[in-house]
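Listed here are the chains, written in short residue letters.
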Amino acid sequence: VATSMLHAQQNKAIYSEAEVPEYTLPDPLVAEDGTKIESASQWTERRRPELLELFEKEVYGKAPPAPEKISYEVTESSDDALGGIARRRQVAIQLTDDPKGPVLNVLMYLPKTDKPVPTFMTLNFYGNASINSDPAIHLPEGWLRNNKEKGVEDHKATEKLRGASEARWPVETIVKNGYGLATAYYGDIDPDYDDGFQNGIHPYFYEEGQTKPKPDQWGSIAAWAWGLSRAMDYLEENPEIDGEKVIVMGHSRLGKTSLWAGATDPRFAAVISNNSGCGGAALSRRRFGESVKRINTSFPHWFCDNFVQYNHNEDACPVDQHQLIALMAPRPCLVCSAEGDRWADPRGEFLSAHYASPVYELLGVEGLTTEKMPPVEQPVLSRLGYVIRTEEHNVKPRDWDRYMKFADAHVVGKKD
Ligand code: GCU
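Residues numbered from 1 in each chain as written. Predicted model: local features only at pLDDT ≥ 70, side-chain atom pairs only at ≥ 80, totals over all residues. Heavy atoms only, no water.

A. Examining the overall build of the protein more closely. Helices and strands together make up the secondary structure of the protein, namely 9 helices and 11 strands. The globule rule puts the C-alpha radius of gyration for 416 residues at 22 Å, and the 21 Å found for the protein is close to it. On the principal axes, the C-alpha backbone points of the protein span a range of 60 × 50 × 40 Å. (Helix = DSSP H or I, 4+ residues; strand = E, 2+ residues; numbered from the N terminus. Rg over C-alpha atoms; globule rule 2.2 N^0.38 Å.)

This is the structure:
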């Protein structure tokens, strides 16, 4: 009885600070053998690789290296999109050597200019056609999560999908501000359901006889992040894009993904996490809102199997999520929370940025410039930035305004 009561208690989500257990965070600036990290080179050569490897092994799983060559095909292109203000490009990137293997369809809207443009790279939840009602966008062909309202029936896109998520994607504003937007459907890389890793990208990398990833090999989040890197391979080769100014942004599970992409791929010039929560920006040891056990139970395919060891056992994990934020340093990184998104633990997201700050400072750049969690709607847009807005778990036009202001200051170098 006592044990089952304990379990019931442990399984209940924590929603008050008083219930947050006491915890000690692993120090980003102390190596696993106890050595203090006191110089930028010690961080870069020793501690950073060590932390990255721990996150690979214990949390997200290790992804295979980039393929030697990527092939892609421009499937559609127009210099007169969005009422004449933008160029539209649709490109199919072959993710493996197998011509029948998975293809990542990237949609781009780019400002009309002769110069290469800074660009936001963002995965989407319902296919490229969901982000804007532009009829030229190809409808996604693969599996989608059923959602009648969004126009998905029997896991297939219908015409109703067009523009169904457009409230989250202020494309015109982005383009008018001089930024490109590149987006792709995350399900092109790995459909988001637990099928024991039989579909999607994973099987293409199995050794002979292997039927699922090993406990320290990539789950779906690592696969989506790997797909973002393949998009980056292409963006770097596209002369219309400024490959040194690609900002990876993601919301929710795709916010977790953008952080992991930023950690594993230093080519992303800046990283933005929106409402990423557990396994993203939020500290796991707080167990506030969604816990490690809960996320591993509801979404067994997101993380690697080793992560299950830390169900109700967060303190045993050698890393916590502030160290993930630290892996972005010295690159600009913006952590965004929402007041109504308590499941994602806004305070835990703030604290991650706070505790990552010493790494930025060691590297000689500005960290988070506030010690205290800022009030709602008062963004702190320092190089390591944090903002909490009102309202629910979502992406709002004003979120994008902040991403652009942040990128203006830290990626493009424009002042206010
Ligand atoms: C669920 C899940 C979160 C995730 C979110 C999303 O709420 O528990 O971890 O971030 O879905 O991706 O929308």
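B. Looking closely at the side chain of glutamate 290. Residue position: glutamate 290 is located in the loop between strand 9 (270–274) and helix 6 (292–298). Buried glutamate 290, no salt bridge; nearest opposite-charge side chain is lysine 256, N-O distance 4.2 Å. (Buried < 20%, exposed > 50% of the residue type's maximum accessible area, 1.4 Å probe, protein only. Lys, Arg positive; Asp, Glu negative; His and termini not counted. Salt bridge = Lys/Arg side-chain N within 4 Å of Asp/Glu carboxyl O.)

C. Spotlight on the site of the ligand. What surrounds the ligand is the set Ser252, Arg253, Lys256, Glu290, Ile295, Phe299, Trp302, Trp343 and His393. Side-chain polar atom of arginine 253 to an oxygen atom of the ligand: 2.5 Å apart, as the coordinates give it. Note that an oxygen atom of the ligand is positioned 3.4 Å from one of the side-chain N or O atoms of histidine 393. Against a free-state accessible area of 320 Å², the protein chains account for coverage of 81% of the ligand. Of the residues assigned to the shell around the ligand, the class counts are 4 nonpolar, 2 polar and 3 charged. (Near = heavy atom within 4 Å. Polar contact = N/O pair within 3.5 Å; in protein donor to acceptor, adjacent residues only side chain to side chain. Areas by Shrake-Rupley, 256 points an atom, 1.4 Å probe, with all protein chains shown as cover. Nonpolar A, V, L, I, M, F, W, Y, C, P; charged D, E, K, R; others polar.)

D. A look at the pattern of salt bridges. Evaluated as defined, the whole model comprises 33 salt bridges. Among the salt bridges present, the one from lysine 62 reaches glutamate 56, with a minimum N-O distance of 3.6 Å. Residue classification places glutamate 56 among the buried positions, given a relative accessible area of 15%. We note a salt bridge from lysine 212 to aspartate 305, for which the minimum N-O separation is 4.0 Å. Residue lysine 212 is located in the loop between strand 7 (180–185) and helix 4 (220–237), and its partner aspartate 305 is located in the loop between helix 6 and helix 7 (321–326); the two are separated by 93 residues in the primary sequence. The class of lysine 212 is partly exposed, set by a relative accessible area of 46%. A network of salt bridges, in which partner residues are shared, links Glu377, Glu391, Glu392, Lys396, Arg398 and Arg402.

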